[in-house]
Structure formats: C-alpha cells, structure tokens
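What follows is each chain in one-letter form.
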Amino acid sequence: MKVTFLGVGEAFDNDYTHTCILVEAAGRRMLVDCGATAPPSVWHQSKRPDYLDGIFISHFHADHVFGLPALMKRMEEDGRTRPFYLFGPVGAQRNVERLMEFAYPGMVAHLPFTLRFRELQRSHRWDDWNLRVVNTRHSVQNLGLRLEAGSPTKVFCYSGDGMFTPTASKLYTNSDLLVHDAYTMDGTVTNPKGETINIGIKTHCSIQQLERLDDMARPKKMALIHLNRNLRKEKADILKKYKQRRWIIPEPRDVIVL
Ligand SMILES: [Zn+2]
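(A) Fine view of the overall build of the protein. Scanning the protein for helices and strands turns up 8 helices and 16 strands. Relative to the compact-globule value of 18 Å for 258 residues, the protein shows a C-alpha radius of gyration of 18 Å, a close match. Each principal axis of the C-alpha distribution contributes one length, and for the protein these read about 50 × 45 × 30 Å. In the protein, which comprises 258 residues, the share counted as buried stands at 41%. Taking the intrachain contacts of the protein between residues at least 6 apart in sequence as the baseline, contacts between residues at least 24 apart amount to 64%.

(B) Here's a closer look at the pairing of strand β1 (residues 2-7). A large share of β1 lies buried, amounting to 5 of its 6 residues. Strand direction decides the pairing type here: β1 and strand β16 (residues 255-257), joined by 3 bridges, are antiparallel. Across the sheet, the residue bridging to Thr4 is Val255, located in β16. Judged from the 5 bridges that link them, β1 and strand β2 (residues 20-25) form a sheet pairing that is antiparallel. By the bridge assignment for β2, Lys2 is matched with Glu24.

(C) Geometry of the nonpolar core. Core analysis: the largest hydrophobic core is formed by 63 residues, its most contacted members being Ile21, Val23, Leu31, Phe156, Cys157 and Leu224. At 5 residues, β2 tops the list of elements feeding residues into this core. Beyond its immediate sequence surroundings of up to four residues, Phe156 is in contact with Met1, Val3, Val23, Leu147, Ser175, Asp176, Leu177 and Leu258.

(D) Summary view of the sheet that holds strand β15 (residues 247-248). Read across the open sheet, the 7 strands follow the order β7-β8-β9-β10-β11-β14-β15; overall the sheet is mixed. Edge positions in the open sheet fall to β7 (123-126) and β15, since each of these has one partner strand only. Two elements, β7 and strand β8 (residues 129-135), share 4 bridges in a ladder whose sense is antiparallel. Its bridge partner lying in β8, His124 is registered against Leu131.

(E) Expanded view of the sheet that holds β1. Strand order in the open sheet formed by 7 strands is β6-β5-β4-β3-β2-β1-β16, with mixed pairing between adjacent strands. In this open sheet, the two edge strands, each paired with only one partner strand, are β6 (115-119) and β16. Put simply, the sheet's adjacent strands are angled 20 degrees from each other on average, direction ignored. Contacts from helix α4 (residues 92-103) reach β5 (84-88) and β6 within the one sheet, and its direction differs from that of β6 by about 140 degrees.

(F) Structural detail: the pairing of β2. Of all 6 residues that make up β2, 5 are buried, and the element is covered over most of its length. As paired strands, β2 and strand β3 (residues 28-32) are joined by 5 bridges and run antiparallel to one another. Counted as the bridge partner of Ala25 is Arg28 from β3. The turn linking β2 back onto β3 is made up of 2 residues, and Ala26 within it adopts a positive phi angle of 45 degrees.

(G) Region of the structure containing the packing of helix α3 (residues 68-77) against α4. Two numbers describe how α3 lies on α4: the axes approach to 9 Å, and their chain directions differ by 70 degrees. When the axes of α3 and α4 are compared, the pair comes out roughly perpendicular. The segment α3 lies against α4, with Leu68, Pro69 and Met72 engaging Val96, Leu99, Met100 and Ala103. Within the contact of α3 with α4, the residues separate by chemical class into 7 nonpolar, no polar and no charged.

(H) Fine view of unusual backbone geometry. The amide bond that connects Ser151 to the next residue, Pro152, takes the cis arrangement and shows omega of 0 degrees. On the secondary structure map, Pro152 appears in the loop between β9 (143-149) and β10 (154-158). Despite not being glycine, Asp33 shows a phi value in the positive range, around 65 degrees. Here Asp33 shows up in the loop between β3 and α1 (39-45). Taking the number of C-beta atoms within 10 Å as the measure of exposure, Asp33 has 28 and is therefore buried. Within the chain, Arg218 stands out as a residue other than glycine whose phi angle is a positive 50 degrees.

(I) The environment of Asp186, seen in detail. Assignment of secondary structure puts Asp186 in the loop between β11 (177-181) and β12 (188-190). On the basis of neighbour counts, which here come to 12 C-beta atoms within 10 Å, the residue Asp186 falls in the exposed class. Sequence spacing of Asp186 and Gly200 is 14 residues, and the spatial spacing of their C-alpha atoms is 8.2 Å. Not counting the four nearest positions on each side in its chain, Asp186 is found in contact with Ser206 and Gln208.

Rules used in this analysis
- Residues numbered from 1 in each chain as written.
- Predicted model: local features only at pLDDT ≥ 70, side-chain atom pairs only at ≥ 80, totals over all residues.
- Helix = DSSP H or I, 4+ residues; strand = E, 2+ residues; numbered from the N terminus.
- Rg over C-alpha atoms; globule rule 2.2 N^0.38 Å.
- Buried ≥ 20, exposed ≤ 12 C-beta atoms within 10 Å, placed from the backbone.
- Contact = placed C-beta atoms within 7 Å.
- Pairing = 2+ DSSP bridges.
- Core = buried A, V, L, I, M, F, W, Y, C linked by C-beta atoms within 7 Å.
- Axes fitted to C-alpha atoms, helices over the stretch in contact; angles between N-to-C directions.
- Parallel < 35°, antiparallel > 145°, perpendicular 65-115°, else oblique.
- Nonpolar A, V, L, I, M, F, W, Y, C, P; charged D, E, K, R; others polar.

Geometry only, nothing functional implied.
Below, the structure is given as structure tokens:
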C-alpha cells in the first residue's frame, strides 16, 4: 500500500494545500478528501483522466470537498469514460450533486461517466478493499476511516476532522498508518492580535490528545496533518518533543509505503 500526501493544510492556510491524500493498493487508487485548493496537486500527480478509481469524503467542509467539481470537470474535459466511485457520509450524493451544480450548472446531467455513490454507515466491501467508518466529534458529521487492502493486508486509517471517540480509537487500533487531525497543541490557538482562542476538544483534535490516542490505539505510525497555520511553524520543536513516538508531520508529496 502506498500513501502520498498531496495536501496537508488546514482550511485557511497560506502555505499548505488543503487535505488530500492518495492511497494506492491492490490495483486501486483512491483519493482521501479533496479540499478547494487540492485539484492542482492531483493533476501534478497524473494528468490521466482515468488515474483515480474513486474518492472518500470524510465530511462536507470546503477544505475537504470543494475541490470535487474541478476534479470532475477536468476528468470530463480529458475524456474519462469509466465510472468514478464516491464514498462518504449519508447524504453524500445530494451534497456532492448540489456542489457540482452550483459550481458548473448542468454538469451532473451531462457528465460522460457514471458517478457511483456509496453512502457509508458501517462497513463496505469494494472488491479487495474493505472500508469501515465511525463518526468522530466535529462541527458537522465527520467519518473516521479504516481501510484494509493489499496482500499482505495493510491498514490505513484517517480521522478526517475532529476529536476521536472511544469507538474511533478502537477503529484505528493496530493500524499501519493513522493520519490524524492535529489542529492545536492544547485546544487553543493564538490569533494575530495575540489573543488566545479556545477551540476546545469538541471540533478538532489537539496534539496533547493524540498522546492519549497513540497509547490506546497503538498505530505503527502516525501522521499529523491539518495543523493550525501558526502551530505548523513549530514542526521541528513538536517532532523533537515527541521523538520517542513514531510520529511524522508530512510535507506535500511525501510518500509512505506500508
Ligand atoms: Zn472540517
């Protein structure tokens, strides 16, 4: 299984592309989220309209899903004919179609390839891939993902946005790689006026909370993404502080082979 980080930034990041991860295994390629600024990173990866088999959408925030209309439109322009799979929370089809229609009116009806929506509630078998999801705590419904694929089987887990729950922790247990939201250090961020804003632990995960998750779920490796734009500047210090743990803070285009 090969994991390529195309985008690792937060919603309002000036340096980093929105969340977008490419997972390849058992002859399949799936994007994991595609934020508004992510499509160019996908096109740099490959210009082939058939390159991707599908996408997993964790939740409907712009920095995770607003790249979809451009991604689909370019597939159309470049001549895609084979079906494209969309995995997401219940309501995904309605939301994606609304988003596409708003971006490019008439697009949904005239797409020359089929969109195969799979609204996930617990688990889903996609040929040799096995997807399992649970809800995490975020400001909108968000799915944490466990993906098992390949031979020997490898396990990729992804939090989307939000704070983990006991069920999510269980879902991530013994994964080969857990990619997790790490928006704050301690539940707070500092704005340009120097004011401390309490984000709490209800909508995003903090690095301090990830210590707890790491101890419970014991992933073989953990990748911290979606760091707040100011916290991200402290990457070297964070990695130094946690050098005993197998944590990474990936840069765009970093690749992990599991
Ligand atoms: Zn979000």
